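Here is what each chain is made of, one letter per residue.
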Amino acid sequence: MSLDRSDVESIAQLARLKIDDAEVPAYTQTLSNILDLVDKMQAVDTTDVEPLANPLDATQRLRADVVSEENQREQLQKVAPKAEQGLFLVPKVIE
Amino acid sequence: MLNKTVAELAKGLESGEFSSTELTQEYLTQIKSEDSKYNSFISVTEDHALAQAKAADESRAAGNTTPLTGVPIAVKDIFCTQGIKTSCGSKMLDNFEAPYESTVTEKLNAAGTVMLGKTNLDEFAMGSSCESSYYGPTKNPWALEKVPGGSSGGSAAAIAAGLAPAAIGTDTGGSIRQPASFCGITGLKPTYGRVSRWGMIAYGSSLDQGGPMTQTAEDAALVLNAMAGFDSKDSTSLDKEVPDYTAKLSEPLKGLRIGVPKEFYSEGLNSDIAATTQSAIKEIEKLGAVVKEISLPRTELSIPAYYIIAPAEASTNLSRFDGVKFGHRCEDPVDLYDMYTRTRAEGFGDEVKRRIMIGTYALSAGYYDAYYRKAQQLRRLIKDDYVKAFEEVDVIMGPTAPSLPWTIGAKENDPVSMYLEDIYTLSVNLAGLPGMSIPCGMVDGMPVGLQVIGNYFDESLLLNIGHQFQQATDWHTKRPA
Amino acid sequence: MSWEIVIGLEVHVQLNTKTKIFSGSSTQFGAEPNTQACAVDLGLPGVLPVFNEEALHKAVAFGLAIDAEIGKKSVFDRKNYFYPDLPKGYQTTQMDYPIVGVGHVDIVLDDGATKRIGVTRAHLEEDAGKSLHEDFEGFSGIDLNRAGTPLLEIVSEPDIRSAKEAVAYLKKIHSIITYLDISDGDMSQGSMRCDVNISLREKGESEFGTRTELKNLNSFKFIEKAIATEVERQAEILEDGGSITQETRLYDPDKDETRPMRSKEVANDYRYFPCPDLLPVEIDQQYIDSVSANLPELPDTKRDRFMSELDLSEYDASVLSSSKALAAYFEQIVDVCKEPKLAANWTMGELSSALNKNAVEIEDCPVPAQDMGTLILRIKDDTISGKIAKQVFFAMWEGEGTPDAIIEAKGLKQVTDTGAIEAMIDEVLAANPNQVEQYRGGQEKLMGFFVGQVMKASKGQANPGVVNKILKEKLQG
């Protein structure tokens, strides 16, 4: 499987990564190489094989509906890039 | 005091030969004078360590001890430590002081250990060489121009260099075992779910597992005792009783059934590594074990399966690094999209970006079935191979890695060649099994590791084998000049 | 051309659990920004989700209430997209294995007919935070208190054919969730929100037309108006030979128009996949049976019971069972007065019109149901007439006290003393000799006139039965 320039650009857009034009050829090449490597699995017949998401096939445990977290805003917002009046600030959101 | 094992240090602390404060000071001094050669630490937490050491000495004086009270330990900088920089080797988190504590470090704190600092790693644990860190590569203490392995390369190098008696690592595709092999130490990846992932920054959530990196199997047992256990904050944590991992160390290996997969000794393996690991297996045979050849036919397929599943999970695990709530944000974003794309482009290094992009692609519409679903199907087949193998044998052995440590920079622009180096370790994570690497010989002046893979929850058996081997051999005592 | 409207609804219901779906933060509405957003809700590095058992319980209860298949194995998936109110860059939701499968809801149409609307599925997911657009010098503020609140997204089949049906369906969903007490259903606080998929097709056509989606509507009134507006817009385009663009639109109630959402212009690829931090949720038949055994009475059952036990008409029973609060109010009245029909008439008559007139919800009704019951008792035991009762009711509404206190204070007690009534009748007959003559000459409809005069003379307090009886005797005499 080899990718072209526009594939790389659209993947980067989906992943919200700014890629300079000059970097695109290198990404195109290495990502295509990686896909060549993984494409070996296409040769295996996996008909009727149930995908394995958790190695132990475990099931979900449930949590009691009890409030355990108190207000930690001050502590948590210490690491925020930009916060004011208790809000995280981001460039204007347009709906 | 340096170059003692955890077990020996525990004895010295117990007998009053030295205090934790003296011991900690000794290590801190050593790190300060020596680590510039290795770059194994990202942060040295001196004040914090001395405070913990003082507290440990006080609680010992009060008669309040655990087997690890006062023992210094280094922690991979992927575990959140409250109020202490937790970088994950990334510019993205260069300014991040975690506002909460990981379960693993909380348990270590409760056991009275002293954290010397946070060790270097491949950025977000994505790598097999410890070169992709924002803080520069860690160097292999056996040969400074070589990689220490990765991603827990800082932890492995710190132990090999005598800068820490033990360390904590994480293993998603071999990240404890391979650097342990490259640096000549013991490293154990427990069964998936045995050690809590709470506060351990996620790479591949269904594969990640924390574990001990030590000088001996006995030490690994001591440290794992403090780390393992059920955690209600982690849905994937196992609610299963944790044994005392030191209890079976001394059991004889008579009758132990060892399987050696023929696929682990095929094309691509360095022939000296093949010979070294085979003679180590012979050594264990002499201790009473029975060896038979087995087959793990999908070994090679673990590379494609892993290099889809891990990046896919990573691609979404890393979406939270968006410049909104914590971590790096680009300067003066013009709008939201600009903030996202520049923040992430600046904050992440090349290998992280590559894996995010591969993962994004593998999950995208039209490709999901061919990549992600297919990889998860292969994952089941790979697990099934192991389950079948363990019907006939108790453990599986072979090399930890196919090659010796390579020169720093050699594979920089060729990620695929680096991925191929993970061939023997990946399937263990895909299946969720416990795996261990122990030093078993030297080739060209570099250490070689023997990988021992156990059935689910058989950590005790792995440690027992490691300990017995280390009683009969002295490879684990070798240190770089 | 004649168009058929095709509507499918996605209703988001906030479940009224104490804590979030995957964290121990409180879900209480109205807290200071980000004071109910813990490390998990913020998606800090290394945090992990654990599923809230109450969210599961409530979702299963809903499934059983709409007669749906319950997913014995349901799976949480990640829906990936970047948005500032989505802290992890993905929403945890359920894609291929929802907790609730195919079910249905019955609605009553204007002509009294019942229509069955299919429910495709209902799945659990986490709510997002809120972006506040007040000006922070070119920035938006993000409040993540709401992030992680459990949502049940209920997806209907495209079975709905008009704005009215859409509203009827939503009201029915609202009634079910409040009966079950799985949500407060408060639309003004966003506890129930709705996305509407609308398309038009020529009458008789079997293929669906291209649809648009109207997002985040949160009042019955707006929903009806928004649908009408969008239907009109689509019809105009189609009439002119144009085609509809598949897109997400926002309804602007001020301008009464819909416009495309700018932020969703870039086609998204959500890259759903099973969340590796959460494991499949498995429940057994025993669990389902225990939820089923503890379900409260639901609107349709209540309606049927009102008809069979209380002998109400289907219309009355439907209206009175439509809202849990209204039904509870009505049932309390009946408990006191044992007069279901009178209770129904009063609840749907004077009480409802007073509520409407004053824009008060039944939950905030100033008149306690107990007092309404007493009022009806006073009619029944002839203490007051129905007409006087209205006067008493208005005084009750104004907060003047219990019915008995009001009757006492205002001296409204009915006069049943035959002597006093006879005297009043004699006076009336004496004052109207012509009418007496006409009545006796055969114009018996003048009876009403005499009754009216006597009632007037008694200020309405004479017992009408007694008045009638004595009047008849005297006039025939």
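Shown above is the structure to which this text applies.
My aim in this report is to walk through the structure given alongside it, one point at a time. Every chain begins its residue count from 1, and numbering advances along the sequence as written. All chains are assigned letters beginning with A, and all ligands numbers beginning with 1, in the order in which they are written. Totals for whole chains, interfaces and linings use every residue, but because this is a predicted model, local features are given only for residues with pLDDT of at least 70 and side-chain atom pairs only at 80 or more, for both listing and counting. The side-chain numbers reported here are obtained from all heavy atoms of the structure, hydrogens and water having been left aside.

**Examining the overall build of chain C**
Thinking step 1. Numbered from the N terminus, helices here are DSSP runs of H or I no shorter than four residues, and strands are runs of E no shorter than two. Scanning chain C from terminus to terminus reveals 16 helices and 16 strands.
Thinking step 2. With the radius of gyration taken over C-alpha atoms, the globule rule is written as 2.2 Å times the number of residues to the power 0.38. A compact globule built from 477 residues would reach a C-alpha radius of gyration of about 23 Å, whereas chain C, at 30 Å, exceeds it by more than 25%.
Thinking step 3. With the principal axes as the frame, chain C shows a C-alpha extent of 95 × 55 × 55 Å.
Thinking step 4. Looking at chain C residue by residue over its 477 residues, the buried ones come to 54%.
Thinking step 5. For the accessible areas, the method is Shrake-Rupley and the probe is 1.4 Å, while residue cover comes only from the protein chains on display. When the accessible surface of chain C is totalled, it reaches about 21100 Å², and 47% of it is carbon and sulfur.
Thinking step 6. Positive and negative side-chain charges in chain C, numbering 51 and 78 respectively, have mean positions lying 3 Å apart. Any residue under 20% of the maximum accessible area for its type is buried, any over 50% is exposed, and the rest in between are partly exposed; the area is computed with a 1.4 Å probe on protein chains only. Within this scheme the basic residues Lys and Arg register as positive and the acidic residues Asp and Glu register as negative, but His and the chain ends are omitted. Where a charge sits is defined by one atom per residue type, namely NZ (Lys), CZ (Arg), CG (Asp) or CD (Glu).

**Quick word on the side chain of T81 of chain B**
Residue and element names in this part refer to chain B.
Thinking step 1. Mapped onto the elements of the fold, T81 is located in the loop between β2 (72-76) and α4 (103-110).
Thinking step 2. Residue T81 is classed as buried on the basis of its relative accessible area of 1%.
Thinking step 3. Whenever two N or O atoms come within 3.5 Å, that pair is a polar contact, provided that in protein one can donate a hydrogen and the other can accept it, and provided that, for residues adjacent in sequence, both atoms are side-chain atoms. Separated by 2.7 Å, the side chains of T81 and K118 make a polar contact.
Thinking step 4. Non-local contacts of T81, meaning those with residues more than four positions away in its chain, are made with T86, A98, Y100, E101, T105, M115 and K118. Contacts are assigned to residue pairs that have any heavy atoms within 4.5 Å of one another.

**Focus on the interface of chain B and chain A**
Thinking step 1. Facing the 68 residues of chain B at the interface are 48 residues of chain A.
Thinking step 2. Any carboxyl oxygen of Asp or Glu within 4 Å of a side-chain nitrogen of Lys or Arg constitutes a salt bridge here. Counting across the interface, chain B meets chain A through one salt bridge.
Thinking step 3. With a shortest N-O distance of 3.2 Å, D57 of chain A and R380 of chain B are connected by a salt bridge.
Thinking step 4. Linking chain B with chain A are 19 residue pairs in polar contact (both at pLDDT 80 or more).
Thinking step 5. Going through the elements one at a time, α9 (302-317), α10 (336-347), α11 (350-363), α12 (369-389), α13 (415-420) and α14 (426-431) of chain B are the ones with two or more residues in the side of chain B that touches chain A.
Thinking step 6. With twelve residues, the single largest contributor to the side of chain B that touches chain A is α12 of chain B.
Thinking step 7. Of the residues that constitute the side of chain B that touches chain A, the class distribution is 37 nonpolar, 15 polar and 16 charged. As a working rule, the residues Ala, Val, Leu, Ile, Met, Phe, Trp, Tyr, Cys and Pro are called nonpolar, Asp, Glu, Lys and Arg charged, and the rest polar, with Gly in that last group.

**Looking at the interface of chain C and chain B**
Interfaces are often described in size by the accessible area the parts lose on coming together.
Thinking step 1. The partner chain B presents 39 residues to the 30 residues of chain C that form the contact.
Thinking step 2. Where chain C touches chain B, the interface holds one salt bridge.
Thinking step 3. A salt bridge links D277 of chain C to R197 of chain B, with the shortest nitrogen-to-oxygen separation between them at 3.0 Å.
Thinking step 4. Taken together, chain C and chain B are joined by 15 residue pairs in polar contact (both at pLDDT 80 or more).
Thinking step 5. Those elements that provide at least two residues to the side of chain C that touches chain B are α1 (39-42), β4 (77-80) and β15 (273-274) of chain C.

**Some points on the sheet that holds strand β8 (residues 130-132) of chain C**
Thinking step 1. Pairing between two strands requires that DSSP report at least two bridges joining them. Ordered in space as β2(A)-β3(A)-β9(C)-β8(C), the four strands form an open sheet in which the pairing is antiparallel. Two strands close off the open sheet at either side, each with one partner strand: β2 (83-84) of chain A together with β8 of chain C.
Thinking step 2. As paired elements, strand β3 (residues 87-91) of chain A and strand β9 (residues 139-143) of chain C share four bridges and run antiparallel to each other. Looking across to β9 of chain C, one finds that F88 of chain A is bridged to I142 of chain C.

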